[in-house]
Amino acid sequence: MSYCASVAAYAVGGRRLVDHATLRIDPGSIHALLGPNGAGKSTLLRLLSGELEPDEGAIELNGKPLRLFGARELARQRAVLPQSHGLAFGFTAAQVVALGRLPCARRNAAAEAQIVEDALALAGVAGLAQRRYPTLSGGERARVQLARVMAQVWEPAETPRYLLLDEPTASLDLAHQHDCLRAVRALAGRGVGVLVILHDPNLALRHADRVTLLRDGRVLASGAPDAVIDEETLTRLYRVPVRLLCAAGEAVPVVVVGEHPEKRDSPLFQEAKKLKKGTVPGASAPPAS
């Protein structure tokens, strides 16, 4: 049982956004998808979710072609968190999370309320349950939406369930980024397979079981985080110098980005360099150490 894209391809206007990509999400694991802007990450997720139909290749969910699923059956086996999730109605946070339960087999009111409460707690927003959703900050909304999709696949089923998350950490601060992925890990521990699009390789190193690197719609590498996230591969992926540093007492290295040699002579880079040194007229010099 798994959730698979097999040599999937998708093009728009003659431009191939996903180019024969293969990716597998296993139950109980977190699979991180990394790549530069425009690499095709969101398009691949939309192919996996069923929002788009591949021009070539196949998408299968637990051994069954995705195109054979009805909407309700599909919604009971996989939940999708897109990049944007606008909602203008004055629902409370708890009511928004309860929306995730609509396709599920309904239980009694007390059991449903408990699932909503537990999902809010796991996402770290239990205290926002009765707040009106439009009054929340961007980061708070993101965590409420995470609780909503977790509630959708909360209960065990005959076949494995899956979460597809498109940049769930994008609007979160440093602490909440890790809290978000710890919550996802807790759900994976209950057998849910997770695909999460990330921009920070450091998050993937700390939280993912498997990593796929995508560039120009093609899979550049896929495997265990420590086998895929190395200096040479990340430099090829992002086309900027990348280094991995090991801090004392830390088991996981830290990815840092160096100066791009082609940009050192650009006016923008030189201006930033002057500002840093405090040599631009009107700019404040940095405080003396």
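Refer to the structure above for everything that follows.
Residues numbered from 1 in each chain as written. Predicted model: local features only at pLDDT ≥ 70, side-chain atom pairs only at ≥ 80, totals over all residues. Heavy atoms only, no water.

## Things to note about the overall build of the protein
- A count of helices and strands for the protein gives 10 helices and 12 strands.
- Considering only contacts in the protein between residues 6 or more positions apart, those separated by 24 or more positions represent 63%.
- As displayed, the protein has an accessible area near 14600 Å², and 52% of this comes from carbon and sulfur atoms. (Helix = DSSP H or I, 4+ residues; strand = E, 2+ residues; numbered from the N terminus. Contact = heavy atoms within 4.5 Å. Areas by Shrake-Rupley, 256 points an atom, 1.4 Å probe, with all protein chains shown as cover.)

## Section: a nonpolar patch on the surface
- A grouping of F89, F91, L99 and L102 is seen on the molecular surface, where their side chains present a nonpolar patch of about 380 Å² in accessible area.
- In this structure, F91 sits in the loop between strand 6 (78-81) and helix 3 (93-99).
- Its relative accessible area of 30% is what places F91 among the partly exposed residues. (Patch = residues over 30% accessible without salt bridge, like charges linked within 9 Å, V, L, I, M, F, W, Y side chains within 5 Å. Salt bridge = Lys/Arg side-chain N within 4 Å of Asp/Glu carboxyl O. Buried < 20%, exposed > 50% of the residue type's maximum accessible area, 1.4 Å probe, protein only.)

## Comments concerning the sheet that holds strand 1 (residues 3-12)
- Ordered in space as 2-1-4-5, the four strands form an open sheet in which the pairing is antiparallel. One side of each edge strand has no neighbouring strand; the edge strands of this open sheet are strand 2 (15-25) and strand 5 (64-65).
- Sheet analysis places strand 4 (residues 56-61) next to strand 5, joined by two bridges and oriented antiparallel. Its bridge partner being in strand 5, E60 is matched across the sheet by P65. (Pairing = 2+ DSSP bridges.)

## Some points on the packing of aromatic side chains
- Within this structure, the stated rule accounts for two aromatic pairs.
- Ring centres of Y3 and Y162 lie 5.1 Å apart, and the angle between their planes is 70°; on these two criteria the pair is classed as edge-to-face. Of the two residues, Y3 sits in strand 1 while Y162 sits in strand 7 (residues 162-166), which places them 159 residues apart along the sequence. The same class applies to Y3 as to Y162, namely buried.
- Taken together, a centroid distance of 5.7 Å and an interplanar angle of 25° make the contact between F89 and F91 stacked. (Phe/Tyr/Trp six-rings, centres within 6.5 Å; stacked < 30°, edge-to-face > 60°.)

## Digging into the layout of surface pockets
- Size it by volume and the largest pocket reaches roughly 280 Å³.
- Lining of the largest pocket is provided by 15 residues; of these, R76, E155, P156, A157 and E158 occupy positions nearest its centre.
- With three residues, the top contributor of residues to the lining of the largest pocket is helix 2 (residues 71-77).
- Classifying every residue of the lining of the largest pocket by side-chain character gives six nonpolar, three polar and six charged. (1 Å grid on protein atoms, 1.4 Å probe; cavity = no way out; pocket = protein on both sides within 12 Å on 5 of 7 lines; lining within 4 Å. Points joined across faces, edges and corners; volume = space filled by probe spheres on them. Nonpolar A, V, L, I, M, F, W, Y, C, P; charged D, E, K, R; others polar.)

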